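Okay, here's what each chain looks like letter by letter:
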Amino acid sequence: MKKYYLMAPGPTPVPSNVLLAMAQPMIHHRTREYEALFIEVRAGLKRLFRTDQDVIPFTSSGTGAMEAAVANTLSSGDTVLVLRAGKFGERWEEICRAYGVRAIPVSAPFGETVPAERFAKALGEHPEARAVLMQHSESSTGVLHDVTGIAAATGATGAILIVDAVSSLGIADLQMDAWGVDLVVAGSQKGLMLPPGLSFCALSEKAWGHVKVSRLPKYYFDLTAEWKAVSKNEAHFTPAVSIVLGLREVLRMIEAEGLQNVLKRHERLARATRSGVEALGLDLFAKATPSPALTAVAAPRGLDSEQVLAAYSASHNITIAGGQGEMKGKVFRLGHMGYVGDFDVLTALAALEQVLHELGQPVDFGAAVRAAQKVFAERS
Ligand SMILES: *Cc1c(COP(=O)(O)O)cnc(C)c1O
């Protein structure tokens, strides 16, 4: 037997109390019990998203909510700006293309970010732009993009800001209302410590204004119809009842820890991970502000990062992630979001030392672990 560890940047480990909550006997969704469950979840989601608006859940992975964001706020032939600096930025472009929306990329090399000033300039050049689409945490490169700066740039225009926060909600500070973010997209299987299967959209008044004039087709992912149900503490279609039960537990856990403490914990775990990785002489893939959700590491010279993943898996029964698309072979990614503590990071780093050694790299055993422990020993 080899104990299994899930250390990928999503899906993430699910705490046992959440697993138990989800193991309860099925209840029907048109009942008083479901209504009471949803009332609690509805209020908790607003606090987590830092918004007075309703958060609308869908039964899908995160990409479903990304598609809902596009299909409900835009029309065929509309122009939008997309922050393209990773695979998830490209996903926004692909969704736009599928719906006949003209996506103008505002790009940076993978591993970097786009400063807000470039969006201010691009919005000036494209006054017809109806939206700006971006990731908060670009999970393919491990970069955290500048939501506040870009929100300030879009706020001054008729365009709405749509932020994919799938790998930042409950991980990095994101204040939807205070920062002027118009549409936040999230999912269940990253910071929310749940199985995949729930996604979320929250919309500002400005975004609902876009919804009113959107002419793109939608049926299952119809935000207006779904919001009508939410406003009555119901679901339009059969919801993922078990995951909603788990979500109630997760929201209680986050409130018990305190959202600010949750964010601080992630920042600290990320700092320790980076410190450990660098202590082994490896380079971070992120050249801009690193995400607190995951650490993307450039494969050491002479190694294919797929060998690193394979060794983590074969020798230690640990799942991490590799590079997506053109980054395949060049980067490996360690997740530290959600149900993660100090000793998970130390495990990932200790295993990294062993993996590198197994792959014939010179390793100063203990160096990564020591560097991370020093970060943990700092007074916060
Ligand atoms: C995980 C993730 C998604 C959603 O992917 P799904 O596989 O559809 O859940 C979207 N954006 C980012 C940044 C992610 O990390």
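What you are looking at is a predicted structure, and each value in this text was computed from that prediction instead of being measured.

Novice: Tell me about unusual backbone geometry, residues and numbers included.
Specialist: Of the consecutive residues Gly10 and Pro11, the connecting peptide bond is found in the cis state with omega at -5 degrees. Note that Pro11 resides in the loop between strand S1 (5–6) and helix H1 (16–22). At Met193, a position not held by glycine, the phi torsion is positive, near 60 degrees. Along the chain, the position of Met193 falls in the loop between strand S9 (183–187) and strand S10 (198–203). Non-glycine residue Asn317 carries a positive phi angle of around 55 degrees. Its place among the elements puts Asn317 in the loop between helix H12 (305–316) and strand S12 (318–319).

Novice: Give me the lowdown on the state of the cysteines, citing residues and values where you can.
Specialist: One covalent bond between the sulfur atoms of two cysteine residues makes up a disulfide. Inspection of the entire model under this criterion finds zero disulfides. Cys96 carries a free sulfur, and the closest cysteine sulfur to it, the one in Cys201, is 14 Å from it.

Novice: Could you give an account of the sheet that holds S9, naming the residues involved and the relevant values?
Specialist: Pairing in this open sheet of seven strands is mixed, and the strands run S2-S10-S9-S8-S5-S3-S4 from one edge to the other. Looking at strand neighbours, the two that pair on one side only are strand S2 (55–59) and strand S4 (102–107), the edges of this open sheet. Direction aside, the axes of adjacent strands within the sheet are offset by 20 degrees on average. In terms of strand pairing, strand S5 (residues 129–135) meets strand S8 (residues 160–164) through five bridges, oriented parallel. Directly across from Met134, in S8, lies its bridge partner Val163. Seen against the sheet, helix H4 (residues 87–98) touches strand S3 (79–84), S4, S5, S8 and S9 and runs at an angle of roughly 160 degrees to S3. On top of the sheet, helix H5 (residues 116–125) reaches S3, S4 and S5; it is set at about 160 degrees to S3, its chief contact.

Novice: Run through the packing of helix H2 (residues 32–49) against helix H10 (residues 241–257), naming residues and quoting values.
Specialist: Taken N-terminus to C-terminus, the directions of H2 and H10 make an angle of 45 degrees; their axes are 9 Å apart at the nearest point. When the axis of H2 is compared with that of H10, the two are oblique. Considering only the axes of H2 and H10, their crossing is left-handed. Facing Tyr34, Leu37, Glu40, Val41, Gly44, Leu45, Arg47 and Leu48 of H2, the residues of H10 in contact are Val241, Val244, Leu245, Leu247, Arg248, Leu251, Arg252, Ile254 and Glu255. Class assignment of the residues belonging to the contact of H2 with H10 gives a composition of 11 nonpolar, one polar and five charged.

Novice: Tell me about the site of the ligand, residues and numbers included.
Specialist: The environment of the ligand is made up of 14 residues, and the closest members are Ser61, Thr63, Ser139, Asp164 and Lys190. Separating an oxygen atom of the ligand from a backbone N or O atom of Gly62 is a distance of 2.9 Å. Across the complex, the protein chains shield 87% of the 380 Å² of accessible surface that the ligand would expose by itself. Listing elements by their share of the shell around the ligand, those giving two or more residues are helix H3 (62–73) and H4. Broken down by element, the residue count for the shell around the ligand peaks at three residues, all from H3. Classifying every residue of the shell around the ligand gives three nonpolar, eight polar and three charged.

Novice: Describe in detail the packing of aromatic side chains, supporting the description with residues and values.
Specialist: Describing an aromatic ring pair means giving the distance of the ring centres and the angle of the ring planes. In total, this model carries seven aromatic pairs according to the counting rule given. Each ring, one from Tyr219 and one from Phe237, has its centre 6.1 Å from the other, and the planes form 45 degrees; the classification is tilted. Of this pair, Tyr219 sits in the loop between helix H8 (205–213) and helix H9 (223–231) while Phe237 sits in the loop between H9 and H10; the two residues are 18 residues apart in sequence, bridging distant segments of the chain. The class for Tyr219 is exposed, based on a relative accessible area of 64%.

Novice: Outline the side chain of Arg42, listing residues and values.
Specialist: As for its position among the elements, Arg42 is in helix H2. A distance of 2.7 Å separates polar atoms of two side chains, one belonging to Arg42 and the other to Asp54. Ignoring sequence-local partners within four residues, the contact set of Arg42 consists of Asp54, Val230, Ser231 and Asn233.

Novice: Hey, could you go over the pattern of salt bridges for me, with residue numbers and the actual values?
Specialist: Here the idea is simple: oppositely charged side chains can pair when their charged atoms come close. In this structure the tally under the stated criterion is 16 salt bridges. Of the charged contacts, one joins Arg130 and Asp78 as a salt bridge, the two residues approaching to 4.0 Å between their closest N and O atoms. With Arg130 in strand S5 and Asp78 in the loop between H3 and S3, this pair connects stretches of sequence that are 52 residues apart. A relative accessible area of 26% places Arg130 in the partly exposed class. Across the pair Asp342 and Arg268 runs a salt bridge whose closest N-O atoms are separated by 3.0 Å. Taken as a pair, Asp342 in helix H13 (residues 342–358) and Arg268 in helix H11 (residues 259–279) lie far apart in primary sequence, 74 residues in all. On the accessibility criterion, Asp342 (23% relative accessible area) is partly exposed. Taken together, the shared-partner salt bridges in this structure form one network comprising Arg42, Lys46 and Asp54.

What counts and how
Residues numbered from 1 in each chain as written. Predicted model: local features only at pLDDT ≥ 70, side-chain atom pairs only at ≥ 80, totals over all residues. Heavy atoms only, no water. Helix = DSSP H or I, 4+ residues; strand = E, 2+ residues; numbered from the N terminus. Disulfide = S-S within 2.5 Å. Pairing = 2+ DSSP bridges. Axes fitted to C-alpha atoms, helices over the stretch in contact; angles between N-to-C directions. Contact = heavy atoms within 4.5 Å. Parallel < 35°, antiparallel > 145°, perpendicular 65-115°, else oblique. Left-handed = near helix turned anticlockwise from the far one by under 90°. Nonpolar A, V, L, I, M, F, W, Y, C, P; charged D, E, K, R; others polar. Near = heavy atom within 4 Å. Polar contact = N/O pair within 3.5 Å; in protein donor to acceptor, adjacent residues only side chain to side chain. Areas by Shrake-Rupley, 256 points an atom, 1.4 Å probe, with all protein chains shown as cover. Phe/Tyr/Trp six-rings, centres within 6.5 Å; stacked < 30°, edge-to-face > 60°. Buried < 20%, exposed > 50% of the residue type's maximum accessible area, 1.4 Å probe, protein only. Salt bridge = Lys/Arg side-chain N within 4 Å of Asp/Glu carboxyl O.

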